[in-house]
Amino acid sequence: SNILRYYWQYLRQLSHGDFGVSLSSGRPVRDLLRERLGLSFRSALAGLGLAWVLALAVVTVLELSHRRFNEAVAGILAGTILCAPAALVALACVYIGAAPGAAIAVIVFPRIFRYVRDVVRQASAAQHVLTAHALGLHPLRILACHVVPPVLPELLALGGISVSMAIGSMVPVEALCDSPGVGQLVWQAAMARDLPVLVNVTLLLAAFTIGTNLLADTALSARLPVLSEVQA
């Protein structure tokens with residue numbers, strides 16, 4: 001009834017490590033999160049890692065092959081997956097019996113792939129890369145030594161953003177896949193209007209996302225002087 005009073009009491013309890021009590025289950029929110037965080041973390045980590053591996057592998061194959069047909073197929077496939085709703089991807093994983101991490105990987109993959117492909121294609125058009133090709137260097141060596149180092153800062157920034165993508169996809173994936181993680185908890189709390197659960201989960205996810213992006217920025221700041229020396 002009074003949102004200011006609610007948040008004042010909530011912050012006072014939070015300072016003592018008390019997340020409140022769930023209105024729908026009658027259990028402490030801290031216990032609910034402790035039971036579900038591990039599963040959600042493993043699913044998000046598996047999906048994010050698989051998405052990055054697939055994206056980097058496909059970009060590497062396209063960069064080494066230089067075939068327009070492969071580019072067209074990869075672009076159409078990524079665009080099709082990107083247009084598919086997250087709920088549809090989650091239902092498809094349910095039907096084939098795949099884990100929630102696979103659904104998260106499918107959802108995040110096209111976003112990572114499209115950005116990485118554009119960045120690598122732009123870096124491949126640089127003058128020093130064209131000179132390396134003219135000198136007859138091996139394409140894999142050119143990719144590793146002349147294309148990858150200049151784009152590392154953007155890949156690090158994308159790494160922080162991709163965490164937010166994986167977290168955002170957990171709610172529909174875990175709700176539809178019936179995975180007892182934080183995403184399913186958020187869905188059930190939203191349906192029951194369980195404000196203590198929603199507020200605490202939102203706060204924790206926001207803090208985790210900000211911390212991940214801060215870590216990526218820190219790694220980027222430490223990496224930039226080294227990259228400048230390599231390019232020089």
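Residues numbered from 1 in each chain as written. Predicted model: local features only at pLDDT ≥ 70, side-chain atom pairs only at ≥ 80, totals over all residues. Heavy atoms only, no water.

Chemist: When you look at the state of the cysteines in this model, what are you seeing that I'm missing?
Modeler: The final tally for this structure, using the stated rule, is 0 disulfides. The thiol of cysteine 83 is unpaired, and the distance to the nearest cysteine sulfur, on cysteine 93, comes to 17 Å. Under the relative-accessibility criterion, cysteine 83 is labelled exposed at 69%. (Disulfide = S-S within 2.5 Å. Buried < 20%, exposed > 50% of the residue type's maximum accessible area, 1.4 Å probe, protein only.)

Chemist: Sorry, what's going on with the confidence of the model for the protein here?
Modeler: Do not read the fine detail of predicted coordinates wherever pLDDT is low. The predicted model of the protein has a mean per-residue pLDDT of 84, with 94% of residues at 70 or higher. Taking the mean pLDDT of every element in the protein, the minimum, 72, falls on helix H9 (residues 195–231) and the maximum, 91, on helix H5 (residues 100–124). (pLDDT = per-residue confidence, 0-100. Helix = DSSP H or I, 4+ residues; strand = E, 2+ residues; numbered from the N terminus.)

Chemist: Could you clarify how one ought to interpret helix H8 (residues 182–192) in this entry?
Modeler: The periodicity of an α-helix, 3.6 residues per turn, causes residues three or four places apart in sequence to face the same way. Here H8 has its buried residues at Val182, Gly183, Gln184, Leu185, Val186 and Ala189. Arginine 193 sits one or two positions beyond H8 and adopts a positive phi of about 55 degrees.

Chemist: What exactly am I supposed to notice about the packing of aromatic side chains here?
Modeler: Two measures describe an aromatic ring pair: the distance that separates the ring centres and the angle between the ring planes. Counted under the stated rule, the structure contains 1 aromatic pair. Ring geometry for phenylalanine 109 against phenylalanine 113: centres 5.7 Å apart, planes inclined by 20 degrees, an arrangement best described as stacked. Of the two residues, phenylalanine 109 and phenylalanine 113 both sit in helix H5, 4 residues apart, roughly one turn of that helix. When sorted by exposure, phenylalanine 109 lands in the same class as phenylalanine 113, which is buried. (Phe/Tyr/Trp six-rings, centres within 6.5 Å; stacked < 30°, edge-to-face > 60°.)

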